[in-house]
Amino acid sequence: MAGWKFKRFSRAGLFLLAAILLVACRPIDDQIAHYLAHGPTSTRPYVATGPSCTELEETAQETLADVGSPPATARFSVADRKALAIAAFSHLCELTREVGWRQSATAEESKAAELLMDRFTEFGYSPEMQDFQVRIGSLRRGSRNIILELPGQGEGVVILGAHYDTVRNSVGANDNASGVGVLLAVAERLAQPPWSSQMVSVFPFTLRIIAFGSEETGMSGSWHYVDQLTEEESDDIKIMINLDSVGSGTFLRGPGDRWLTSHVSVVASREGVSYTSITEGYSGSDHVPFRYSAEIPVISFSGNDMSRINTRDDTIEFINPVLLGDTAVLVLVLLASLEDL
């Protein structure tokens, strides 16, 4: 049996070995962990470029100047539609310019969540955060849904939702600052008369508004929300209305349950909104867990131009403010008409 032979380590070698062992025993740094899960990526901070929100809103106003008068049957006037469109566009611009990239389960997504909490609070709501974990590769990272309620005159719940995260290195102007912009514009309008008084709405149900986190990782936020519902809570939900990528294109689409899309078609015709109902073939957003796990009727509004989503080109220059106003109108009239369904 051969004897052991020991080699003398230098002091520098011992320090290097100790450093390696120390790093190995510590939690992995967030950026290193992301590198291991996704490979190399740009770590440069987002910097807003181009026109300011004030300048962009002026351009949006010019686009809205061409909006014609709605039919005599419409509930909303031209002025109402323009005001809703500009409100949604303003919120969209703030999210894309102030926060920028909002990749799922990152510090930037958290920054967006705080901004939304501030806006909902300013409107008079009492929003809450629902924390959950997202699996990214072999790692688990934190994300959150933002939930608020507007009590109504009766029982039952209607959910209005939109996700606020993006893929990496995209400001997500259409996907989905557009949906969040409309969500905020609608929430702001509903907090005021004649829609509500002292934060109690005229609706015969409770409206629950949810800004979902981490949709881009497989609808993680909405799956978490649905999974934690009790059977009784799930039964209380009448419908789920989802807003995703509603800002680009020339007309709106409404994938969802047939009876709901049919009803919205009637509403759209009455309001003079360009809309096409779709009852199948769309399965990539936060309405999916509600429909297929909890069997809750759903409708998911979107624009007809998806060409730039999940890319660096999904920027505010391609947003059509008319669609934002039209979406807000459809949502408000749909909510007001649910008692007739």
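Considerations on helix H11 (residues 321-337)
No. 1: Here H11 spans 25 Å end to end across 17 residues, near enough to the 24 Å set by a 1.5 Å rise per residue.
No. 2: Extensive coverage of H11 is indicated by the burial of 16 of its 17 residues.

Let's talk about the state of the cysteines
No. 1: Under the counting rule described, the total for this entry stands at one disulfide.
No. 2: With a sulfur-sulfur separation of 2.0 Å, cysteine 53 is cross-linked through a disulfide to cysteine 93. In this structure, the disulfide formed by cysteine 53 and cysteine 93 twists by about -100° around the S-S bond and is classed as left-handed. In this pair, cysteine 53 is assigned in helix H3 (residues 53-64) and cysteine 93 in helix H4 (residues 78-99), connecting sequence segments 40 residues apart.

A look at the pairing of strand E8 (residues 252-255)
No. 1: Neither face of E8 is left uncovered, since the one carrying Leu252 and Gly254 and the one carrying Arg253 and Pro255 both have all their residues buried.
No. 2: One ladder, built from two bridges, connects E8 with strand E10 (residues 298-303); its direction is antiparallel. When the sheet's bridge partners are listed, leucine 252 is paired in E10 with glycine 303.

Details of the pattern of salt bridges
No. 1: Tallied over the entire structure, the rule returns nine salt bridges.
No. 2: Across the pair glutamate 149 and arginine 208 runs a salt bridge, and its minimum N-O distance is 2.6 Å. With a gap of 59 residues between them, glutamate 149 in strand E2 (residues 139-150) and arginine 208 in strand E6 (residues 206-212) connect regions that are remote in the sequence.
No. 3: Owing to a relative accessible area of 14%, arginine 208 belongs among the buried residues under this scheme.
No. 4: Here the salt bridges share partners, and the residues they tie into one network are Glu94, Arg119 and Glu122.

Looking at the pairing of strand E3 (residues 157-163)
No. 1: Burial within E3 is extensive, with seven of its seven residues counted as buried.
No. 2: Neither face of E3 is exposed, since Val157, Ile159, Gly161 and His163 on one face and Val158, Leu160 and Ala162 on the opposite face are all buried.
No. 3: Where E3 meets E6, seven bridges bridge the pair, whose relative direction is parallel. The partner of histidine 163 across the bridge, within E6, is phenylalanine 212.

Section: helix H9 (residues 258-271)
No. 1: Here H9 contains 14 residues, and its C-alpha end-to-end distance of 20 Å stays within 8% of the 20 Å for a straight helix at 1.5 Å per residue.
No. 2: Within H9, the full set of buried residues consists of Leu260, Thr261, His263, Val264, Val267, Ala268 and Glu271. For H9, the arc enclosing every buried residue in end-on projection is 160°, short of the 170-degree limit, so these residues lie on one face. Facing away from the buried side of H9 by over 90 degrees, the exposed positions are Arg258 and Ser269.
No. 3: Close packing links the buried residues of H9 with H4, strand E7 (237-243), E8, strand E9 (275-278), E10 and H11.
No. 4: One or two residues past the end of H9 sits glycine 272, with phi positive at roughly 75°.

Section: the packing of H9 against H11
No. 1: It is the contact of H9 with H11, at a shortest axis distance of 10 Å, that shows an interaxial angle of 115°. At the point where H9 passes H11, the crossing takes the right-handed sense. Counted together, Leu260, His263, Val264, Val267, Ala268, Arg270 and Glu271 of H9 and Val329, Leu330, Val333, Leu334 and Ser337 of H11 form the full contact between these two elements.
No. 2: For the contact of H9 with H11, a count of residues per class yields eight nonpolar, two polar and two charged.

Topic: the environment of threonine 63
No. 1: For threonine 63, the position within the fold is in helix H3.
No. 2: Taking the C-alpha atoms as reference points, threonine 63 and proline 321, 258 residues apart in sequence, are found 7.4 Å from one another.

Notes on the side chain of threonine 261
No. 1: The residue threonine 261 is located in helix H9 in this model.
No. 2: For threonine 261, a relative accessible area of 1% gives the class buried.
No. 3: Setting aside its immediate chain neighbours within four residues, threonine 261 contacts Gly254, Pro255, Gly256, Tyr275, Ser277, Ile278, Thr279 and Ile299.

Quick word on the sheet that holds E8
No. 1: Strand order in the open sheet formed by eight strands is E1-E2-E6-E3-E7-E10-E8-E9, with mixed pairing between adjacent strands. In this open sheet, the two edge strands, each paired with only one partner strand, are strand E1 (128-136) and E9. Sheet twist, expressed as the average angle between the axes of neighbouring strands with direction ignored, equals 20°.
No. 2: Sheet analysis places E3 next to E7, joined by five bridges and oriented parallel. Bridged to leucine 160 within E7 is isoleucine 241.

Observations regarding the environment of leucine 64
No. 1: Within the secondary structure layout, leucine 64 lies in helix H3.
No. 2: Its relative accessible area of 2% is what places leucine 64 among the buried residues.
No. 3: Linking leucine 64 and arginine 81, residues 17 residues apart in sequence, is a C-alpha distance of 9.1 Å.

Structural notes on the nonpolar core
No. 1: Counting residues in hydrophobic clusters, the biggest one holds 73 residues, and the most contacted among them are Phe120, Leu190, Phe301 and Leu335.
No. 2: Top element by residues in this core is H11. It accounts for 11 residues.
No. 3: What leucine 335 contacts, discounting residues up to four positions off in sequence, is Val158, Leu190, Phe203, Phe205, Leu207 and Ile241.
No. 4: In terms of nonpolar packing, the next biggest core, distinct from the first, is built from 14 residues, Tyr225, Val226, Met240 and Val298 among them.

About the thresholds
- Residues numbered from 1 in each chain as written.
- Predicted model: local features only at pLDDT ≥ 70, side-chain atom pairs only at ≥ 80, totals over all residues.
- Heavy atoms only, no water.
- Helix = DSSP H or I, 4+ residues; strand = E, 2+ residues; numbered from the N terminus.
- Expected span 1.5 Å × (residues − 1).
- Buried < 20%, exposed > 50% of the residue type's maximum accessible area, 1.4 Å probe, protein only.
- Disulfide = S-S within 2.5 Å.
- Pairing = 2+ DSSP bridges.
- Salt bridge = Lys/Arg side-chain N within 4 Å of Asp/Glu carboxyl O.
- Arc of directions from axis to C-beta.
- Contact = heavy atoms within 4.5 Å.
- Axes fitted to C-alpha atoms, helices over the stretch in contact; angles between N-to-C directions.
- Left-handed = near helix turned anticlockwise from the far one by under 90°.
- Nonpolar A, V, L, I, M, F, W, Y, C, P; charged D, E, K, R; others polar.
- Core = buried A, V, L, I, M, F, W, Y, C linked by side-chain atoms within 4.5 Å.

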